[in-house]
Structures are given as C-alpha cells and as structure tokens.
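The chain contents come next:
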Amino acid sequence: MSLFRFKQFSVSHDFGMKIGTDAVLLGVWVSIQAVKNALDVGTGTGIIALMLAQRGINTVVGIDIDPKSVEEARFNVQQSPWKNSVS
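Below or above, wherever it landed, is the structure these notes cover. (Residues numbered from 1 in each chain as written. Predicted model: local features only at pLDDT ≥ 70, side-chain atom pairs only at ≥ 80, totals over all residues. Heavy atoms only, no water.)

Focus on the nonpolar core
- One finds Ile 47, Leu 50, Leu 52, Val 60 and Val 86 to be the most contacted residues of the largest nonpolar core, which totals 19 residues.
- Counting residues per element, the ones that place at least two in this core are helix 1 (21-29) and helix 2 (47-54).
- A total of seven residues in this core trace back to one element, the largest contributor, which is helix 2.
- Excluding residues within four positions of it along the chain, Leu 50 makes contact with Phe 9, Val 11, Asn 76, Val 77, Ser 80, Trp 82 and Val 86. (Core = buried A, V, L, I, M, F, W, Y, C linked by side-chain atoms within 4.5 Å. Buried < 20%, exposed > 50% of the residue type's maximum accessible area, 1.4 Å probe, protein only. Helix = DSSP H or I, 4+ residues; strand = E, 2+ residues; numbered from the N terminus. Contact = heavy atoms within 4.5 Å.)

Shown next as structure tokens:
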C-alpha cells in the first residue's frame, strides 16, 4: 500500500491517479470563505475532499466514475479524522 502522508492524515493511492502537486496545491489554495458544503467531482483518492474537511468545511461529498477510486477514497476517508463530514 502506497501512502502519501500529511500532518493530520494519510492517503492511500494505489488505484487510479497518484497524488500529485496539482491536487495538493488546489486543496491549499482554493478559497473557502463562507463555504459550508463542497462537492469534489472526480475525487480519485479523496485527497481534495479530505483537505477541504481539514480546513473546516462542514460537509464534503466526493464522487467518481471509477469504482476502484471510489473504494480507495472511502478507505481513505474512514481512516481520517473527518469520516463523519466527508462522504
């Protein structure tokens, strides 16, 4: 299992696209002022959804058309501190 580690969580990225600089930068740079809910289309591993939850968004939903990516994102969310706010 390949893990990409952050301070507060780790993300498995064995299926689909690997964790890249673009996803990490997007998760950091996106403005979330006055945002309470977010939709992550093409969530892949769930990295952006988890980063948004870490930054304080109440509810984040990640969707993807690839079944293996959905399975991996669900696993990553369940291992995170935000399993109650990310689906």
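A word on the packing of aromatic side chains
- Taken as a whole and assessed by the stated rule, the structure comprises two aromatic pairs.
- Judged by centre distance (4.7 Å) and plane angle (20 degrees), the ring pair of Phe 6 and Phe 9 falls under stacked.
- Three or more aromatic residues joined by ring pairs make a cluster, and in this case those are Phe 6, Phe 9 and Trp 82. (Phe/Tyr/Trp six-rings, centres within 6.5 Å; stacked < 30°, edge-to-face > 60°.)

Thoughts on unusual backbone geometry
- Positive phi, normally seen in glycine, also occurs at Ala 34, with a value near 65 degrees.
- Along the polypeptide, Ala 34 turns up in the loop between helix 1 and strand 3 (37-41).

A word on the side chain of Asn 76
- Turning to its location among the elements, Asn 76 is positioned in helix 3 (residues 67-78).
- Its relative accessible area of 1% is what places Asn 76 among the buried residues.
- In contact with Asn 76, other than residues within four places in its own chain, are Ser 10, Val 11, Ser 12, Thr 45 and Leu 50.

A closer look at helix 2
- The buried fraction of helix 2 is high, at seven of eight residues.
- All of the buried residues in helix 2 are Ile 47, Ile 48, Ala 49, Leu 50, Met 51, Leu 52 and Ala 53.
- On its buried face, helix 2 is in contact with strand 2 (10-12), helix 1, strand 3, strand 4 (59-63) and helix 3.
- Phi turns positive one or two residues past the end of helix 2, at Gly 56, with a value near 115 degrees.

Points about the pairing of strand 4
- Bridge count for strand 3 against strand 4 is five bridges, and the pairing is parallel. Considered in strand 4, the bridge of Leu 39 is made with Val 61. (Pairing = 2+ DSSP bridges.)

A short note on a nonpolar patch on the surface
- On the surface, Leu 39, Val 41, Val 61 and Ile 63 cluster together into a nonpolar patch covering about 340 Å² of accessible area.
- Among the secondary structure elements, those contributing two or more residues to the nonpolar patch are strand 3 and strand 4.
- Mapped onto the elements of the fold, Ile 63 is located in strand 4. (Patch = residues over 30% accessible without salt bridge, like charges linked within 9 Å, V, L, I, M, F, W, Y side chains within 5 Å. Areas by Shrake-Rupley, 256 points an atom, 1.4 Å probe, with all protein chains shown as cover. Salt bridge = Lys/Arg side-chain N within 4 Å of Asp/Glu carboxyl O.)

Read these as spatial facts, not as claims about activity.
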